[in-house]
Amino acid sequence: MRLATPPGFATEVFILEGPARDLLPEGAWTLVGDRCLREAWLAAGMPEPGHALWVSVPEKDKKLSAVLPWLEHWASVPLHRDLTVVALGGGVLTDLTGLAASLYLRGVPWQVWPTTLLAMADAALGGKTGADLAAGKNLVGAFHPPRRLVACTSFLAGLPPRHLQNGRWELIKTALIQGELAWAEEMLQDGPVKIAWVERALAFKAGVVHRDPREAGERRLLNLGHTLGHALEAASGYQLLHGEAVGLGLLGACFLAEEEGLKHLPPALLGLMAGRLAPLVSLVAPWPACLPLLERDKKSKRSNGHTEATPATEIYCILPRPGESAVQRALPPKAWETSHARLLSMLHQETDRA
Ligand SMILES: NC(=O)c1ccc[n+]([C@@H]2O[C@H](COP(=O)([O-])OP(=O)(O)OC[C@H]3O[C@@H](n4cnc5c(N)ncnc54)[C@H](O)[C@@H]3O)[C@@H](O)[C@H]2O)c1
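Conventions and cut-offs
Residues numbered from 1 in each chain as written. Predicted model: local features only at pLDDT ≥ 70, side-chain atom pairs only at ≥ 80, totals over all residues. Heavy atoms only, no water. Near = heavy atom within 4 Å. Polar contact = N/O pair within 3.5 Å; in protein donor to acceptor, adjacent residues only side chain to side chain. Areas by Shrake-Rupley, 256 points an atom, 1.4 Å probe, with all protein chains shown as cover. Helix = DSSP H or I, 4+ residues; strand = E, 2+ residues; numbered from the N terminus. Domains from an automatic or database assignment. Salt bridge = Lys/Arg side-chain N within 4 Å of Asp/Glu carboxyl O. Buried < 20%, exposed > 50% of the residue type's maximum accessible area, 1.4 Å probe, protein only. Pairing = 2+ DSSP bridges. Axes fitted to C-alpha atoms, helices over the stretch in contact; angles between N-to-C directions.

Draft legend 1. Inspection of the site of the ligand at higher detail. Neighbouring the ligand are 25 residues; Asp34, Glu59, Gly91, Thr115 and Thr116 lie closest to it. Contact between the ligand and Lys137: an oxygen atom at 3.1 Å from a side-chain N or O atom of the residue. At 3.3 Å from an oxygen atom of the ligand is found a side-chain nitrogen or oxygen belonging to Asn138. About the coverage of the ligand: the protein hides 85% of its 880 Å² of free accessible area. Among the elements of the structure, α3 (91-103), α4 (117-123), β7 (136-143) and α5 (161-177) are those that each provide at least two residues to the shell around the ligand. When residues of the shell around the ligand are sorted by domain, at least three fall in each of domain 1 (12-158) and domain 2 (162-353).

Draft legend 2. Structural view of the environment of Ala4. Following the sequence through the fold, Ala4 ends up in the segment before β1 (12-16). Once the C-alpha coordinates of Ala4 and Leu202 are considered, the two residues, 198 residues apart in sequence, prove to be 9.7 Å apart.

Draft legend 3. Summary view of the pattern of salt bridges. Counted according to the given criterion, the structure contains 23 salt bridges. Glu48 serves as the salt-bridge partner of Arg38, at 2.8 Å between the closest nitrogen and oxygen. You can see Arg38 sitting in helix α1 (residues 38-43) and its partner Glu48 sitting in the loop between α1 and β3 (53-55), a full 10 residues away along the chain. Owing to a relative accessible area of 35%, Arg38 belongs among the partly exposed residues under this scheme. Of the charged contacts, one joins Asp61 and Lys60 as a salt bridge, the two residues approaching to 3.4 Å between their closest N and O atoms.

Draft legend 4. Focus on the sheet that holds strand β8 (residues 148-152). The parallel open sheet is built from 6 strands, whose spatial order is β1-β8-β5-β4-β2-β3. Strands with a single pairing partner mark the edges of an open sheet, and in this sheet they are β1 and β3. Between one strand and the next, the sheet's axes are offset by a mean angle of 15°, whatever the strand orientation. In this sheet, β3 lies alongside strand β2 (residues 29-34) in parallel orientation, the contact comprising 3 bridges. Across the sheet, Val32 pairs through a bridge with Leu53, a residue of β3.

Below, the structure written as structure tokens:
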């Protein structure tokens, strides 16, 4: 089915059970695909275009250096400007392939065929492409929306359970941004992921991105859980998966909202979140390891006239609110420290209870 998106939205969005040849580009195209999906792609009767690249890029290697050989390969063929690049894989591969498409010949069109739950529910939509720098996650990139997004749910059958759980956190984030606690609670229960959740999340994100493509305002809300999440992910040496780190960041944001005096989220909901996150407690870095990463965040504020080396005075945060849309606030590091301590303490309590 084709998802309804706002008129003039840059990306056509399809959610299908299995891959469909007729959604591939009509003209010249090439593919960058995750090596682990080649067999499933071909077994589904999908074609392998000329000069396809089948690659394997772990999260820790999501760097510009991963993309350079692809660009050199395309240029050596050479592939021309009428080319469309198809990205087939999880969020790491689709972020990097979108970045490569934005750079090659100063930008060629691309399609995204996400194959993890996280990429289907979030990463593939919205036109943000990117790579990490030593200083932090996604610090280099381009806004380059794909022409088409094709999410084929049959690919999820091969996804390890940890990665299914990982993607669920971006869905839960979407519910919390809107203050939709019943939906968040439904997704925190055990049981299979519903494709209807993915459709709902994509429809919401398409609306936000269409209204604010460059993240000048409303789109910042999509970063709920990400500021602390990115710090925890990097501080764990990427042992935490992106969605897991976002889940931890979401619970941290619930505590920050309380510190800021906003209406509290129900303890039962926090308990459900903590129950799912407790097995990750050993990967949660201590506060001193998180602080420098938070201060380096794209969203941190320094007092006027000070240099990069000056500690941040406040760090922007998105805070969830029951029954209403989340809000952005800037909070001092001390408030973040308290929320980090409460997060760790609740995860330990859950672990002791289990
Ligand atoms: N651009 C955005 O707006 C945006 C939003 C959210 C997240 N992201 C990015 O997404 C990345 C995380 O993506 P991810 O969680 O998909 O991780 P990932 O891309 O690393 O994929 C996870 C693992 O699953 C494998 N895999 C992929 N599809 C599979 C399948 N169908 N069956 C079995 N294995 C499969 C991959 O090889 C990889 O080992 C992060 O780098 C994050 O920054 C981007």
